[in-house]
Amino acid sequence: MGRHPRCAKGDRPVSDGHDKIGDATRVVAAGRRAEWTAGVVNTPVWRASTILYDNVAELRARAGRDTHHRLFYGRRGTPTQWSLADALTELEPGAEATFLYPSGVAAIAAALLSILSPGDELLLVDSTYDPTRSLANGLLKRLGITTRYYDPLIGAGIADLIGERTKAIFMESPGSLTFEVQDVPAIVAAAKAHGVVTLLDNTWATPLNFRAIERGVDYTILACTKYVVGHSDVMLGSVTAAAGRFAKLRDTSHQLGQIASPDDAWLGSRGLRTMQLRLERHEQSALAIARWLETRPEVARVLHPALPSCPGHDLFARDFAGASGLFSFVLQGGGEAARAALIDGLDHFGIGYSWGGFESLAIPVDPEKYRTATKPDFAGPIVRLQIGLEDVNDLIADLERGLARFSAVRG
């Protein structure tokens, strides 16, 4: 068997006697247990529905035990899914375990349904991803669960909203349209003081730039479709649970029949190995473009958490190890036609939803449609950019031509 970067039992990365290793090493080594890789570099794709047993006694014994990391039935997973789930757990020091889902929205739904019951109340950040809002206003409402929206900049003031029926607080930091950064430690402290469960959509930062479990969050959620996969070709989600929180999540997810396919999990594992390098490039290019946009007279404001002008920047500087490639900018006046002229003529930016892939994207966003607790007031329409891995000078030149088209239509 070839040399493998794991210890004999395969349950902890080799670190020369030290518990802490660098993130670059962790994303390469995590989840690659020797018993799953069997001497090759990557865990192979195990496709299975039926698992065969040697006899009835073994079948009955397996059914009566915890099936975590044990072959039981295809819906409980194979080493392909376990490898990625373990890797994501290792990226969150202090976490218990991770469950994979066929999309980020499925991950959010399963996490909330594992906590909330009819009559409960959810506090949901007003800057949340629209499908999360749709889930709260649709399925959760039909189940008799009340949702109250709160200002993303509320911080410790969240304590004033917590009532007897409040069972969970859902955060998204930064928000994926207007990029307000939340005071996660303050919100977590208030939640713990009242026995309330906390959840964080951490897709923008990933565990490499924000360690949610270390900061006391109970469940941290990723749309792995974005930066984990990194190639815009897989739908995948995950929920990583803090110590003592996984069993309820796992049981609810099993009851809902949730399972990520082994092929998609394999692609997620492949993407994970280069995630840190890609994030560094996304961050560098996005910051260069954001700073350039700040100099443009056609731009009223740039919404990027790493910029001092962005709401919550002080919290970003305190809590985050870095940024990613998604941000928005506000145009100086103009209307829908002028904004469309900017976007429609771009050569190096696709027009499409999602983000985190190797390609750059641009879409119009209208956050006022999705706000109830707060009403942002912007000087003009907003464009959201996903900055990919192209040459940053080509992207800037493309945007410069786009701003000229905007000005021509705006007049």
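**Q** How do you make sense of the overall build of the chain when you look at a structure like this?
**A** Each helix and strand in the chain was counted, giving 14 helices and 12 strands. Against the compact-globule benchmark of 22 Å for 411 residues, the chain has a radius of gyration of 22 Å, which places it among compact chains. With the principal axes as the frame, the chain shows a C-alpha extent of 80 × 55 × 40 Å. Long-range pairs, those at least 24 residues apart, make up 74% of the contacts in the chain with a sequence separation of at least 6. Roughly 17,000 Å² of accessible area belongs to the chain as shown, and the carbon and sulfur atoms make up 52% of that amount. Charge centroids of the chain, computed over 44 positive and 47 negative side chains, lie 5 Å from each other.

**Q** In this structure, what is going on with the packing of aromatic side chains? I would like to understand it.
**A** Each aromatic ring pair is summarised here by two numbers: the centre-to-centre distance and the angle between the ring planes. Applying the stated criterion to the full structure yields 7 aromatic pairs. The interplanar angle of 75° and the centroid separation of 6.3 Å between the aromatic rings of W204 and F316 together place this pair among those described as edge-to-face. You can see W204 sitting in the loop between β5 (197-201) and α8 (206-209) and its partner F316 sitting in helix α12 (residues 313-319), a full 112 residues away along the chain. Judged by its relative accessible area of 3%, W204 falls in the buried class. Residue classification places F316 among the buried positions, given a relative accessible area of 8%. Between Y227 and W355 the ring centres are 5.6 Å apart and the planes differ by 65°, which places this aromatic pair in the edge-to-face class. With Y227 in the loop between β6 (219-222) and β7 (237-242) and W355 in the loop between β10 (349-350) and β11 (360-365), the pair connects residues that are 128 residues apart, well separated along the chain. Look at W355 and you get buried, because its relative accessible area is 8%. One aromatic cluster in this structure is built from W204, F210, F316 and F320. Over the ring of Y149 we find R133; its NZ or CZ atom is 4.0 Å from the centre of that ring. The lysine or arginine in question, R215, covers the ring of F210, its NZ or CZ lying 4.5 Å from the ring centre.

**Q** Just to check I follow, could you spell out the sheet that holds strand β2 (residues 121-125) for this structure?
**A** The strands that make up a sheet are held in pairs by hydrogen bonds between backbone atoms, and each pair lies either parallel or antiparallel. Read across the sheet, 7 strands follow the order β1-β7-β6-β5-β4-β2-β3 without closing on themselves; strand pairing throughout is mixed. Strand pairing shows two members of the sheet lacking a second neighbour, β1 (95-101) and β3 (146-150), which therefore form its edges. Sheet twist, expressed as the mean angle between neighbouring strand axes with direction ignored, is 20°. Bridge count for β5 against β6 is 3 bridges, and the pairing is parallel.

**Q** I keep staring at the sheet that holds β10 and nothing clicks. Help me out?
**A** Strand order in the open sheet made by the 5 strands is β8-β9-β12-β11-β10, with mixed pairing throughout. Every other strand in the sheet has two partners, leaving β8 (299-303) and β10 as the edge strands with one partner each. Where β11 lies against strand β12 (residues 382-386), 5 bridges are found, and the strand directions are antiparallel. Residue L361 lies in a different strand from β12, and its bridge partner there is Q386.

**Q** How do you make sense of the confidence of the model for the chain when you look at a structure like this?
**A** Reading predicted coordinates in detail is not appropriate for stretches of low pLDDT. Averaged over all residues, the pLDDT of the chain equals 93, while 95% of them reach at least 70. Here residues 1-18 scores under 50 on pLDDT; set against residues more than four positions off or in separate chains, the count is 32 contacts.

**Q** For this particular structure, what's the right way to read the pairing of β6?
**A** One face of the sheet, then the other: side chains in a regular strand alternate in exactly this way. Here β6 shows a buried face lined by Y219 and I221 and a second buried face lined by T220 and L222. Looking at chain direction, β6 and β7 are connected through 4 bridges and run antiparallel. Residue pairing in the sheet places L222 in a bridge with S238 of β7.

**Q** What is the right way to read the pattern of salt bridges from this model?
**A** As a working rule, side chains carrying opposite charge can pair if their charged atoms are close by. Counting across every chain of the model gives 22 salt bridges. E121 is the salt-bridge partner of R148, the closest N and O atoms lying 3.2 Å from each other. Of this pair, R148 sits in strand β3 while E121 sits in strand β2, and the two are 27 residues apart along the sequence. The class for R148 is partly exposed, based on a relative accessible area of 31%. For D319, the salt bridge goes to R318, with nearest N and O atoms at 2.7 Å. A relative accessible area of 8% means that D319 is categorised as buried. Residue classification places R318 among the partly exposed positions, given a relative accessible area of 47%.

**Q** How do you make sense of the layout of surface pockets when you look at a structure like this?
**A** The gaps of empty space that remain are located by a probe, the size of a water molecule, rolled over the atoms. In this structure, the second largest pocket encloses a volume near 450 Å³. As for the second largest pocket, its lining consists of 19 residues, of which D130, L177, Y353, I363 and R384 are closest to the centre. Taken together, the elements giving at least two residues each to the lining of the second largest pocket come down to α6 (130-142) and β11. For the lining of the second largest pocket, the element with the highest residue contribution is β11, accounting for 3 residues. Of the residues that constitute the lining of the second largest pocket, the class distribution is 10 nonpolar, 4 polar and 5 charged.

**Q** Explanation requested: the side chain of Q182 in the structure shown.
**A** Looking at where Q182 falls in the secondary structure, it is placed in the loop between β4 (166-172) and α7 (184-193). For Q182, a relative accessible area of 1% translates into the label buried. If sequence neighbours within four positions are ignored, Q182 has contacts with V125, Y150, P152, M171, E172, S173, I187 and L315.

**Q** Please explain the side chain of T198 as it appears in this structure.
**A** With respect to the secondary-structure elements, T198 resides in strand β5. Once residues lying within four places of it in the same chain are set aside, the contact partners of T198 are I169, M171, V188, A191, G216, V217, D218 and Y219.

**Q** Quick question: what am I supposed to make of helix α5 (residues 104-113) here?
**A** Along an α-helix, residues three or four positions apart point the same way, because every turn accommodates 3.6 residues. Most of α5 is tucked away: 8 of the 10 residues are buried. For α5, every residue scored as buried is listed here: G104, A106, A107, I108, A109, A110, A111 and L112. At the N-terminal boundary of α5, the capping side chain belongs to S103, with an oxygen 3.5 Å from the backbone nitrogen of V105.

Rules and cut-offs
- Residue numbers here run from 1 along each chain, matching the order of that chain's written sequence.
- A pLDDT threshold of at least 70 governs which residues receive local features in this predicted model, and a stricter bar of 80 or more applies before side-chain atom pairs are shown or counted, although totals over entire chains, interfaces and linings include all residues.
- Derived side-chain values reflect all non-hydrogen atoms in the structure, with water molecules and hydrogen atoms excluded from consideration.
- Put simply, DSSP H or I for four residues or longer makes a helix, DSSP E for two residues or longer makes a strand, and each gets a number counted from the N terminus.
- All radius of gyration figures rest on C-alpha atoms, and the globule criterion is 2.2 Å times the number of residues raised to 0.38.
- Whether two residues are in contact is decided by their heavy atoms: any pair within 4.5 Å suffices.
- The accessible surface values rely on the Shrake-Rupley method and a 1.4 Å probe; as for residues, cover is taken only from the protein chains in view.
- His is not counted here, nor are the chain ends, while Lys and Arg score as positive and Asp and Glu score as negative.
- Taken as the charge location is NZ of Lys, CZ of Arg, CG of Asp or CD of Glu.
- Each Phe, Tyr or Trp ring, with Trp reduced to its six-membered ring, pairs with another whose centre is within 6.5 Å; inter-plane angles below 30 degrees give stacked pairs, above 60 give edge-to-face pairs, and intermediate values give tilted ones.
- Residue burial is assigned from relative accessible area. The probe radius is 1.4 Å, only protein chains are included, and a residue is buried under 20% of its type maximum, exposed over 50%, and partly exposed in between.
- Lysine NZ or arginine CZ positioned within 6 Å of the ring centre and within 35 degrees of the ring normal marks a charge as sitting over the ring.
- Pairing between strands is defined by DSSP: at least two bridges between the two strands are required.
- In this analysis an axis means a line fitted to C-alpha atoms, helices contributing only their contacting stretch, and an angle means the value between N-to-C directions, from 0 to 180 degrees.
- Per-residue confidence from the predictor is given as pLDDT, running between 0 and 100.
- By definition here, a salt bridge exists when the distance from a side-chain nitrogen of Lys or Arg to a carboxyl oxygen of Asp or Glu is within 4 Å.
- For each structure, a 1 Å grid was placed over the protein atoms alone; sets of points admitting a 1.4 Å probe that cannot get out are labelled cavities, open sets with protein on both sides within 12 Å along at least five of seven lines are labelled pockets, and lining residues have an atom within 4 Å of a point.
- Grid points are joined across faces, edges and corners, and a volume is the space filled by probe spheres set on the points.
- Ten residue types, Ala, Val, Leu, Ile, Met, Phe, Trp, Tyr, Cys and Pro, are classed as nonpolar, four, Asp, Glu, Lys and Arg, as charged, and the remainder, Gly among them, as polar.
- Here a polar contact is taken to be a pair of N or O atoms separated by no more than 3.5 Å, where protein atoms must pair a possible hydrogen donor with a possible acceptor and residues adjacent in sequence count only if both atoms sit in side chains.

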